[in-house]
Amino acid sequence: MRVDFHVFKYSTSFLSFIHLSIVFIALCERRRVKLYCQRLSGTQGVYTCCFQLQVLTKIIYFLIGRVCADTKGVPALKHTLDFLVFCPLFIRNMEFCRLCFVLLAVLVIGGAGQPDVCGTVMVNSRIVGGETAPEGAWPWQASLHRNNFHICGASLINNQWVLCAAHCLQRTPPSSLRIFLGRQTQEGTNVNEQARDVAEIINHEEYNEITNDNDIALMRLSSPVEFTNFIRPVCLAAPGSVVPAGTETWVTGWGTIGSDDPLPSPQALQEVTVPVVSNSKCSESYSLITSNMICAGTENGGRDSCQGDSGGPLVSKNATRWVQLGVVSFGRGCALPDIPGVYARVSQYQTWIRDRITGDQPGFVNFTTSGGATLVFLSAPFLLTLLPTIFTSLVLM
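It should be emphasised that the depicted structure is a prediction, and the values quoted were computed from it without experimental measurement.

(A) Region of interest: the confidence of the model for the protein. On average, the protein scores 74 in pLDDT, and the residues at 70 or more come to 58%. Below a pLDDT of 50 lies the segment residues 66-98, which in the model reaches 55 contacts outside its immediate sequence neighbourhood of four places, other chains included.

Given below as structure tokens:
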């Protein structure tokens, strides 16, 4: 089991665990818990359990002070948790102590830091379709450069990984690429910007250059970025997300504003609203629309993504979070009537993304048009670890 511990620097899940530890210490004093401990290991087990939890809580209080101050506490925290993983004697005397540790594992792996911030906009949430985007309105938007020129958009999905389109990265060495985050204009100074080299490119193994199926890719940044009001990850649509025709979405990028019509100086980030078009309707314009694609556009035209927007995000808002539904892939012309743009459907790729990303996992959201959004925290293996915990809790009731 691999656990990335630097996320604790800002993770509310970590704070929640501290509170849980205190609660468990109090529970040890309750008579029914004492009786249960006595059945397991005698009276001494009660005091052992309480002592262990007190020690654990003191260690965590000490570590969080260091972690919040700087990053020096991270290695110490890692060693502490490694000790818990490999020394079952520390928690063997009482099943309720194991509940504490299992909850820690769930909070660490499930929360992972990213769902706490994904899809949130801190600076300016005003949206005006088809105009220059307010600075900070789309903090996950990335600009991919090759040899100092913008070639594609992309989206930040955690502090070191970016989602893009596979067609942007074909036969392109990582050394020729650079990613800009927090960028507002392609010309002039961007005071909120952070730039990173690309350390690794992962194109979808089944990407088809002829049909554009599976047009999705990942890029690992050379080093993590720091989240700010202008740089934050977007949430990703989880499998089972419901996106009916007519759902209002937004596309952002620095692409041309029409076929062969370049973005005028200072080349500011653009935003446009487009409704989702059903795949069956979209198939009337394109012969090879698959379940891995999602379409968006208007009957009258005039609003669309275009050249240079490829790889960028198609997003929609659920409750207070923005969720990426698509990755700009291909189209016929730009903003033509009854010719929607085509995007890679993000909800088809949760397993593919999770299997290839190291570090914090992105925040996946079950998108619905009812206005609610459910963050997906737990993987199947960790759900299975909860079974003995639930059994223990029932015994204690």
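There is more to say after this.
(B) Broad picture of the packing of aromatic side chains. Throughout the structure, instances matching the rule amount to four aromatic pairs. With centroids separated by 5.1 Å and ring planes inclined at 70°, the aromatic side chains of Trp138 and Trp322 adopt a geometry described as edge-to-face. One end of the pair, Trp138, is in the loop between strand S1 (131-132) and strand S2 (141-146); the other, Trp322, is in strand S13 (residues 321-330), with 184 residues separating them in the sequence. Owing to a relative accessible area of 4%, Trp138 belongs among the buried residues under this scheme. Relative to Trp322, the ring of Trp250 has its centre 5.1 Å away and its plane inclined at 85°; by these criteria the two rings are edge-to-face. Taken as a pair, Trp250 in strand S9 (residues 248-253) and Trp322 in strand S13 lie far apart in primary sequence, 72 residues in all. Of the aromatic side chains, those joined through ring pairs into one cluster are Trp138, Trp140, Trp250 and Trp322. Here the guanidinium or amino end of Arg183 rests over the ring plane of Phe180, the centre of that ring lying 4.1 Å away. Lying across the ring of Tyr286, Arg332 places its NZ or CZ 5.2 Å from the centre.

(C) Looking closely at the environment of Ser223. By secondary structure assignment, the location of Ser223 is in the loop between strand S7 (217-221) and strand S8 (235-237). Each C-alpha atom of the pair Ser223 and Asp197 lies 8.1 Å from the other, and the pair is 26 residues apart in sequence. Residues contacting Ser223, with those up to four places away along its chain left out, are Asn159, Gln160 and Arg196. A distance of 2.9 Å separates polar atoms of two side chains, one belonging to Ser223 and the other to Arg196.

(D) Structural view of the pattern of salt bridges. Enumeration over the complete set of coordinates arrives at six salt bridges. A salt bridge links Glu209 to Arg171; its shortest N-O distance comes to 3.1 Å. With Glu209 in the loop between strand S6 (194-203) and S7 and Arg171 in the loop between strand S4 (161-164) and strand S5 (177-181), this pair connects stretches of sequence that are 38 residues apart. Between Glu200 and Arg220 there is a salt bridge, with the nearest N and O atoms lying 2.9 Å from each other. Linking Glu200 in strand S6 with Arg220 in strand S7, this pair joins segments that are 20 residues apart in sequence.

Calculation criteria
Residues numbered from 1 in each chain as written. Predicted model: local features only at pLDDT ≥ 70, side-chain atom pairs only at ≥ 80, totals over all residues. Heavy atoms only, no water. pLDDT = per-residue confidence, 0-100. Contact = heavy atoms within 4.5 Å. Phe/Tyr/Trp six-rings, centres within 6.5 Å; stacked < 30°, edge-to-face > 60°. Helix = DSSP H or I, 4+ residues; strand = E, 2+ residues; numbered from the N terminus. Buried < 20%, exposed > 50% of the residue type's maximum accessible area, 1.4 Å probe, protein only. Lys NZ or Arg CZ within 6 Å of the ring centre and 35° of its normal. Polar contact = N/O pair within 3.5 Å; in protein donor to acceptor, adjacent residues only side chain to side chain. Salt bridge = Lys/Arg side-chain N within 4 Å of Asp/Glu carboxyl O.

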